[in-house]
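Next come the chains, spelled out residue by residue.
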Amino acid sequence: MEVIITKLKNWAGNYQYSTTNVHYPKTVDQIQALVERCEKLRVLGTRHSFNTLADSSENLLSLDRFAPTISIDAQRRTATIAASVKYGDLSQALYRGGFALHNLASLGHISVVGACATATHGSGVGNQNLAAAIASMTFVSANGDLIMLSRDRDGDLFNGAVVHLGGLGVVVSLTLDLLPTFDVSQNVYERLPIAQLDDNFDEIMSSAYSVSLFTDWQHDYVNQIWLKARHEDHNSIAQPPEFFGARPATREMHPIAELSAEQCTVQLGVRGAWHERLPHFRIDATPSAGAELQTEYFVPRARAVEAMRALRTLSADLAPLLMITEIRTIAADDFWISPCYHQDSVAFHFTWQPDWSAVNQVLPLIEAQLAPFNARPHWGKLFTIPPQRIQSFYEKLPQFRDLLHHYDPQGKFRNTFLDTNIMAAG
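Not measured: the values here are computed from a predicted model.

What counts as what
- Residues numbered from 1 in each chain as written.
- Predicted model: local features only at pLDDT ≥ 70, side-chain atom pairs only at ≥ 80, totals over all residues.
- Heavy atoms only, no water.
- Buried < 20%, exposed > 50% of the residue type's maximum accessible area, 1.4 Å probe, protein only.
- Helix = DSSP H or I, 4+ residues; strand = E, 2+ residues; numbered from the N terminus.
- Pairing = 2+ DSSP bridges.
- Core = buried A, V, L, I, M, F, W, Y, C linked by side-chain atoms within 4.5 Å.
- Contact = heavy atoms within 4.5 Å.

1. Considerations on the pairing of strand β6 (residues 78–82)
(1) Moving on: Within β6, 4 of the 5 residues are buried, which leaves the element mostly enclosed by the surrounding structure.
(2) Moving on: By the bridge criterion, 4 bridges tie strand β5 (residues 70–73) to β6 in an arrangement that is antiparallel. Residue pairing in the sheet places D73 in a bridge with T78 of β6.
(3) Moving on: Counted between consecutive antiparallel strands, the loop separating β5 from β6 contains 4 residues, among which R77 sits at a positive phi close to 55 degrees.
(4) Moving on: Judged from the 5 bridges that link them, β6 and strand β10 (residues 170–177) form a sheet pairing that is antiparallel. By the bridge assignment, T80 is partnered in β10 with T175.

Below, the structure written as structure tokens:
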């Protein structure tokens, strides 16, 4: 197993990891040996966290050279995957086998394990986050043991373990529930009037299998609405010439209208496979804007319109830094520290210019406006909400701490982020 003495950066380039000790195991046995040997260790997947969540001051384990194996059990409708598998590669393998996942994130470049560990979500009023597909997970605990937890056998303990922020151990494989493959068509409408959104939010967000709103908060309309309609049979889905006052785009669009749509998945109602429509960005293209910062906050879906009104008061503050905000819905889940725990949610995802010092001044303004709605931040994005406030959102946090202590009593997999935001009692 090779150890490379270098400092890595995250995907966006805004964060440099603290240690130069980066390990590249190729097998489960090598991971177990590394875990037993190290006093402190954190795992890197596709490095798509924007904060200190994945960092370590001592040792990093990169999954870049861990074989990305995928095994499909057609009879049980499951796929067992290695921890290094990315959504893009998994989706293509499932499609070839006639299967699908219930949902995907906006880009396929991220690792399945990392997305699930941080409660990353996809979109749709009836769709839970990506971790909901997990039937079982296998990880290396702090003493080097290989542990398997399953939904059927371990019940609520499993719900506590699925979204784990890397604090439970080194996940080496997941088994995911599959659906039969399905087709999706994607249509984009422009300039959805705010008044229509205020009056018809639930109907608008329920109008397709997955719905995304894109706004810069500078107008009396939402810039774009992306409707991803699932085809249940061989028939086409007719799209109205108008959608709540919004007009259909006459060309393919990027969420940031000034950018080329070449990176984006096919639109204009052209029917295609689920994995080629549910993400916003093609797997063979640069995801999103590239160099950027991201923040995201989850509020109860029932209070989404109030939250949007509160955010619109910040239009002048947002204008110099904001590339775009995406608004999506996610169904409630049972995962102890998921931002959607027992709460149908709306997520406000902000994509920023890569200027952290300036963004750091704006985030408290956003968080103050969203405070009445107990907005929960995405664990892997940038936020400034105090730890005590974050901890108050999660009723099962004490049990989650106990779970981490059980599998990692000495805190081998904990770091400053977890110690501050999870382990430190308020």
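2. Topic: the nonpolar core
(1) Moving on: M137, F348, F350, W352 and I366 are the most contacted members of the largest nonpolar core, which has 131 residues in total.
(2) Moving on: Sorting elements by how many residues they give to this core places helix α6 (residues 304–312) first, with 6 residues.
(3) Moving on: Residue contacts for F348: discarding those within four places in its chain leaves W217, T295, E296, Y297, V299, A304, A307, M308, L311, E326 and I327.
(4) Moving on: One finds Y17, Y24, L44 and L60 within the second-largest nonpolar core, a separate group that totals 8 residues.

3. Some remarks on the side chain of N187
(1) Moving on: The topology assignment puts N187 in strand β12 (residues 183–193).
(2) Moving on: Residue classification places N187 among the buried residues on the basis of a relative accessible area of 11%.
(3) Moving on: Non-local contacts of N187, meaning those with residues more than four positions away in its chain, are made with I225, W226, L227, Q239, L268 and G269.

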